[in-house]
Amino acid sequence: MKHFKKIMAYALTLFSLAACQKETSILTPDKTVPEEALLSQPGQNEDGNGNGLVGGTKHVYILSNEVSGNALLEYKRTNEGYLVLHTAYNTGGTGTGGGLGNQGAVIYTGDESALLAVNPGSNSISSFKVTGNGLQFKSTVASGGMRPVSIAQHDDIVYVLNAGGNGNISGFKLGNNKKLTPIPNSTRPLSSNASGAAQISFVRDGGVLVITEKATNKIITYTVNEYGMPGAMHSLVSSSPTPFGFAPAANGNIFVSEAVGGAPGASVLSSYQISNSGAITLINGSVGAGQSAACWVVITNNGQYAYTTNTASNNLSNFNVNTNTGSISVNTAIAATSQMGPIDADLSNNSKYLYVLNAGSHSISAYAVANNGSLTNIQTVTGLPASANGLAAR
């Protein structure tokens, strides 16, 4: 029986890996919307059940990733954090119909003026302008490689991580019109032709790109100059195997989930420091909460709490973060249970709500976040495509 349980846990893990300034409160004001704008008017913008919507200014987006045509599924968010499915936007590309083993397939730009998404089935990426009422399609361009899985952005520079073929990264300019244009000669290789790359993101105010590689157990970086051109590559073997998703924070710190090949109860979170030159240094390695297939990471705006989604354990873990040193410790090993196969996650831009995409049950779990980092489940949204991937919240 014990052997059977191990086999089942390992099988689910394979599914997940293939698919896998200080403030006293994390409930900070929303970055782009004044507080009074969050108050919906009685009888207006309601979902039919009396739940007041947020004037069309707050959304959660999921990528459908369907072979027949990729789309961004738009959910409006109420004042109380509940989601209401509103519409879908075609990306002009296609999906793969299955898991991507990634984090960051769909992202808001830092100023929340645009939304960027990958089309892994058609080797392209798409951009949308964010308006008060939703999205306006702007462009779809070739990704510069095969099977794009993750996007990073800083100011007008965008980089995509292509995980297919030999794997690479490739750069783009994001114009004032929110259209993407390739940066000539910006494509660079990964550390191996079979790296199993999972995520790309900027740190150091856009001066360094960070990429995690599941198959090589490496974290790699590229410096990026003011024109968006990459410099030299740096790499470091991760503290534990299978570095997957990560959350960038202040001072060049990143917090990386390391799934340890999906071994039951062995997943950990590690923190690293990225210097301005791209050098990578371990701060605090292999802090475990006894859970399985921790693959996705998010961190609150004040930098004090990090959450991992544990795909094979069907739950979330909460970690304390020292904002001065970047060290981490377990806050709550099982901070919340989820539906089957939690993968992508994101926090609303005031860190008041946490949303998790569940690949196994094709659903979204919504949680209220307390000042001490604890989670309370407030809603489960069902009916997503089985291929759904990526989640961006505001």
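What you are looking at is a predicted structure, and each value in this text was computed from that prediction instead of being measured. (Residues numbered from 1 in each chain as written. Predicted model: local features only at pLDDT ≥ 70, side-chain atom pairs only at ≥ 80, totals over all residues. Heavy atoms only, no water.)

K.L.:
Give me the lowdown on the pairing of strand E19 (residues 268–274), citing residues and values where you can.
P.N.:
Extensive coverage of E19 is indicated by the burial of six of its seven residues. With six bridges connecting them, strand E18 (residues 253–258) and E19 associate as antiparallel partners. Opposite Val256, over in E19, you have Ser270 as the bridge partner. Sheet analysis places E19 next to strand E20 (residues 280–288), joined by six bridges and oriented antiparallel. Counted as the bridge partner of Gln273 is Thr281 from E20. Here E19 hands over to E20 after five residues, with Gly278 in that stretch at a positive phi of 95°. (Buried < 20%, exposed > 50% of the residue type's maximum accessible area, 1.4 Å probe, protein only. Helix = DSSP H or I, 4+ residues; strand = E, 2+ residues; numbered from the N terminus. Pairing = 2+ DSSP bridges.)

K.L.:
For the sheet that holds strand E1 (residues 59–63), give the residues involved together with the corresponding values.
P.N.:
Reading across the sheet, the four strands line up as E3-E2-E1-E29 and stay open at both edges, with antiparallel pairing between neighbours. The sheet is open, and its two edges are formed by strand E3 (83–90) and strand E29 (389–393), each paired on a single side. The sheet shows a mean angle of 20° between the axes of neighbouring strands, direction not considered. In terms of strand pairing, strand E2 (residues 71–77) meets E3 through seven bridges, oriented antiparallel. Opposite Tyr75, over in E3, you have Leu85 as the bridge partner. (Axes fitted to C-alpha atoms, helices over the stretch in contact; angles between N-to-C directions.)

K.L.:
Report on the confidence of the model for the chain, specifying residues and quantitative values.
P.N.:
Of all residues in the chain, 86% attain a pLDDT of 70 or more, and the chain-wide mean is 88. In this model residues 1–19 is a low-confidence stretch, pLDDT under 50, and it forms 34 contacts with partners more than four residues away in sequence or in other chains. (pLDDT = per-residue confidence, 0-100. Contact = heavy atoms within 4.5 Å.)

K.L.:
Please set out the pairing of strand E27 (residues 363–369) residue by residue, giving values where relevant.
P.N.:
Most of E27 is tucked away: six of the seven residues are buried. Relative to E27, strand E26 (residues 353–358) is paired through six bridges, and the arrangement is antiparallel. Note on E27: the bridge partner recorded for Val356 is Ser365. The loop that links E26 with its antiparallel partner E27 comprises four residues; one of these, His362, has a positive phi angle of about 55°.

K.L.:
Explain the pattern of salt bridges to me, using residue names and the numbers behind them.
P.N.:
This model, assessed by the stated rule, comprises two salt bridges. Linking Arg394 and Glu112 is a salt bridge whose minimum nitrogen-to-oxygen distance equals 3.5 Å. Note that Arg394 is positioned in the segment after E29 and Glu112 in the loop between strand E4 (106–108) and strand E5 (114–119), a separation of 282 residues in sequence. For Lys173, the salt bridge identified is with Asp156, shortest N-O distance 4.0 Å. Of the two residues, Lys173 is situated in strand E10 (residues 168–174) and Asp156 in the loop between strand E8 (146–154) and strand E9 (157–164); the sequence distance between them amounts to 17 residues. (Salt bridge = Lys/Arg side-chain N within 4 Å of Asp/Glu carboxyl O.)

K.L.:
Please give an account of the sheet that holds strand E17 (residues 243–248) that cites residues and values.
P.N.:
As summarised here, the arrangement of the four strands in space is E17-E18-E19-E20, forming an open sheet in which the pairing is antiparallel. Strands with a single pairing partner mark the edges of an open sheet, and in this sheet they are E17 and E20. Across the sheet, the mean angle separating the axes of adjacent strands is 25° when strand polarity is ignored. One ladder, built from four bridges, connects E17 with E18; its direction is antiparallel. Across the sheet, the residue bridging to Pro248 is Ile254, located in E18.

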